[in-house]
Amino acid sequence: MAITIRLCLALLVQLLALQCSAITLDYENTIDTDSLAWSSGLDQPIWADKSAKQGGHLHLTTPSPILHWRRFGPETPTVISETLSKLQIPLLARHPNTDALIPMLISEWAINAAERQITLRIDPSSRWSDGVPVTTSDVIYTLLFLTSGGHDTEYQRNYINQILESITVHNPSEFTLHFYQWNNSVFDFLCDFRPLASHFYQSSDAWPYDFDWMIEPVTGPYEINSDPSPNEISFYRTPNWWGDKQKFLAYRFNPKQVTLTVQSAKTPAKFGIGSVDVINTTSDANWKSEWLRKLTLTKHINRLQFAHQGERPFAALVFNSSKHSAEQQRQIMARLPIAEALTFTSEMHALINNLIAQEPAEPVDIDVLYTDPADGSWLAELVLKSIKYNVRLHPIWVNQRELKFRLKTNDFDIALLKTSAKDDASTRFQSLLDLYQQPGPSWLIYDIPIKRYAYWQWLKLPATIGTRISSDIFDPFDPVTGGLFWIDRKLRADTLSQSDNEKIEERPPVIHDLHLSSDKEELNNKE
């Protein structure tokens, strides 16, 4: 009864506020939900390892300073805001190996394609990390928050208003979504939508800055448990997490604590003494380095190369045509060894022309704007490789707001425009490109579908490494592909107590290629 009363009061407030939104809100229960043909997706196989052990403290790095703890609003998206989004469980998900629809926050669903609608039933066991049940009030409040304006969520508002026509509320756990069109974008929306905790966001009107360092309740296994800091953020596993009893969430998310520390010049040394558990070594400069090879001869460290079929960012380098003539543009772009910086074998490809200098040219200085700190590593490699072609690149990180301003004002040399592979990436990319009014060339680039790691042997991976779409094997948070590994705490203690003088037999990297059968994916997890 208390939940029903709270829901009604919340919906009354939301009904008034939704007048600013294009979405129609309906409380008339015209659908007999008991007569619907419900699906649950429980016939799909699990991909977690039942032998995984919980416990331990995972230490990782993040590429950029932590500006706030918000998922939305000014100065988003960032690496951290995307991490915080992963702390929230989506409504539904695609099975990472079969692509079938599976339950997440939603336990059952009923599709009526002819009417372009889907009725959803919230898992009755789902809880926010503060113990409050997840209800339809949270779903409605999220739609209100993201589409009513005033929250600096322009992209989310446009995206939702273009795809979602209305929502019908049946009771605290059941609702129906009506869409303008019935196609794959409907399921992309359902698999990406992560509700906000309405009881938390209604506690203050001072958005966004009152929320910069507030700990948001989560539906996933980890919540923030640290003091505000630009250099570090810690997460603790929620005790008695509701997802541990759900088929596709169980046996995963095993470390008890996860700490992310901002990368610095000290990161390699910290990894060498075991203060960091795993590092990304995708670039040739790291993967083939003598430093890493020597480390594997003196430390219990493995190397892994993993090829995946996951979503990759949609990106392009856009040249400001007003800064140089067409011939200068052609020469400069021909001298940029982008493919050389991005790839390392002929099988890997960037959608780029053959970038070899045709003839000697005068040195030129070029600023490159970029917004994703994760691109810093390959841009740094591009800087080094471009010197021999007399191109001096100067990568400059800017936030999304500044990038848009500089595109509008024509204040850039080259801009790396990049959007997530989700949520109609080509449309989002074109909207960025439209900000730049001058005609000019652009070169499409796709991120390489391979990740390389160096990691301490106390991190244990399942016999089948990752999933078909796993883009980060050591992601502890992603609700679909993350949290598959675990920590052998005894092996960690024993390893750190050993002498550095111990001779270790050199081990070749584990190479996981695309389309391998499971019997070829086995990783040696022995001490």
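Above this text you will find the structure in question.
Residues numbered from 1 in each chain as written. Predicted model: local features only at pLDDT ≥ 70, side-chain atom pairs only at ≥ 80, totals over all residues. Heavy atoms only, no water.

Draft legend 1. Local environment of the packing of helix α4 (residues 154–163) against helix α5 (residues 184–192). The interhelical angle for the contact between α4 and α5, taken along N-to-C directions, is 135°, at an axis separation of 11 Å. If you check the angle between α4 and α5, you find them oblique. Where α4 crosses over α5, the two elements pack in a sense that is left-handed. Residues Y159, I160 and I163 of α4 lie in contact with α5, whose contacting residues are S185, V186, D188 and F189. (Axes fitted to C-alpha atoms, helices over the stretch in contact; angles between N-to-C directions. Helix = DSSP H or I, 4+ residues; strand = E, 2+ residues; numbered from the N terminus. Parallel < 35°, antiparallel > 145°, perpendicular 65-115°, else oblique. Left-handed = near helix turned anticlockwise from the far one by under 90°. Contact = heavy atoms within 4.5 Å.)

Draft legend 2. View of the sheet that holds strand β10 (residues 232–237). Within the open sheet, the four strands sit side by side as β2-β11-β10-β9. Their pairing is mixed. Lying at the two open borders of the sheet, with one neighbouring strand each, are β2 (57–62) and β9 (222–224). Averaged over all neighbouring strand pairs, the angle between strand axes comes to 25°, with direction disregarded. Relative to β10, β9 runs antiparallel, the two being bridged by three bridges. In the strand pairing of β10, Y222 is matched with R237. (Pairing = 2+ DSSP bridges.)

Draft legend 3. Focus on the side chain of Q88. Note that Q88 resides in the loop between α2 (79–86) and β3 (92–94). Leaving out residues up to four positions away in the same chain, Q88 has contacts with R71, W128, R194, P195, E216, P217, V218, T219, G220 and P479.

Draft legend 4. Seen up close, helix α13 (residues 400–408). Every buried residue of α13 is accounted for by Q400, L403, R406 and L407. Looking down the long axis of α13, one finds its buried residues gathered within 130° of arc, a one-sided arrangement. Facing away from the buried side of α13 by more than 90 degrees, the exposed set consists of R401, F405 and K408. Downstream of α13 by a residue or two, N410 has a phi angle that is positive, lying close to 65°. (Buried < 20%, exposed > 50% of the residue type's maximum accessible area, 1.4 Å probe, protein only. Arc of directions from axis to C-beta.)

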